[in-house]
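As a plain string of letters, each chain reads:
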Amino acid sequence: MSASLIVGISGSASSQSYNTALVAAAGSLLGERLDFVLASGLEDLPFYTPDLDGDSIPESARRLRELVGRADALIISTPEYNYSTTALLKNAIDWLSRPYGAHVLVDKPVAIMGASQGLLGTVRAQLHLREVLHATNCDVVARPEVFVTQVGVKFNESHELIDSPTRSLVAELVAALLDLAGIDEARDVA
Ligand SMILES: Cc1cc2nc3c(=O)[nH]c(=O)nc-3n(C[C@H](O)[C@H](O)[C@H](O)COP(=O)(O)O)c2cc1C
């Protein structure tokens, strides 16, 4: 039996991204007997159009669909751009959401969170993201909601999540995701 695979997705392509750091922190809180992979190359995806989606699709889209298809669960962290999630993440979800009804997000357990410099910590972005994910028929963890505010004091200069209450909350979210996915880390065999 192989180890369960958890895939992390950041909605930011910034080299200094707090959301990428937050997904990495969540990955580090997973038990050592689970596999964690951070999806890369979202910025290589062309904007979704049915014209590009057929028997052959762009390599970047094929790789993302293949990785997410193998995942037992997903952890997504979104920035807030103009009160919503990012175009980067929405475009990735659009690619993942086809072919209609038979795509890799159907019934996929998903945890969402987000980080921003402000006091609302991506509340508005996550509300939009929940709506978008609802369209894909994946299974989103309801609680806890993880809104990481004032990133400047929650992460250190190396972008490590150093704020204890936030680490505990992310650990709670990870536990809820594993529970939803029916993954018992103690029993999972690498
Ligand atoms: C185009 C743009 C729009 C933004 N809009 C918001 C916003 O609506 N609310 C917010 O809290 N922060 C907003 N920000 C600030 C981001 O939250 C901040 O840059 C954050 O660090 C981005 O996430 P990242 O570090 O993972 O790239 C915006 C930033 C950009 C570049």
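Residues numbered from 1 in each chain as written. Predicted model: local features only at pLDDT ≥ 70, side-chain atom pairs only at ≥ 80, totals over all residues.

Enquirer: Explain the overall build of the chain residue by residue, including any values.
Expert: If you tally the helices and strands in the chain, you get six helices and six strands. Ordering the α and β elements of the chain from the N terminus gives β-α-β-α-β-α-β-α-β-β-α-α. Whereas a compact globule of 190 residues would reach a radius of gyration of roughly 16 Å, the chain reaches 16 Å, a difference of no more than 12%. Projected onto its principal axes, the C-alpha coordinates of the chain cover approximately 50 × 45 × 30 Å. The buried share of the chain, taken over its 190 residues, is 40%. A separation threshold of at least 6 residues defines the contact pool for the chain, and within that pool the share at least 24 residues apart is 78%. (Helix = DSSP H or I, 4+ residues; strand = E, 2+ residues; numbered from the N terminus. Rg over C-alpha atoms; globule rule 2.2 N^0.38 Å. Buried ≥ 20, exposed ≤ 12 C-beta atoms within 10 Å, placed from the backbone. Contact = placed C-beta atoms within 7 Å.)

Enquirer: Residue-level account of unusual backbone geometry, with values.
Expert: At the junction of Arg 98 and Pro 99, the peptide bond is cis and its omega measures out at 0 degrees in the coordinates. With respect to the helices and strands, the residue Pro 99 is situated in the loop between helix H3 (87-96) and strand E4 (109-115). Looking along the chain, the bond that leaves Arg 143 and enters Pro 144 is cis, with omega of 0 degrees. You can see Pro 144 is positioned in the loop between strand E5 (139-140) and strand E6 (146-148). Within the chain, Asn 82 stands out as a residue other than glycine whose phi angle is a positive 50 degrees. Mapping Asn 82 onto the fold places it in the loop between strand E3 (73-78) and H3.

Enquirer: Tell me about the site of the ligand, and name the residues and values.
Expert: Neighbouring the ligand are 14 residues; Ser 12, Ser 17, Asn 19, Pro 79 and Ser 116 lie closest to it. A per-class count over the shell around the ligand returns five nonpolar, eight polar and one charged. (Near = placed C-beta within 6 Å. Nonpolar A, V, L, I, M, F, W, Y, C, P; charged D, E, K, R; others polar.)

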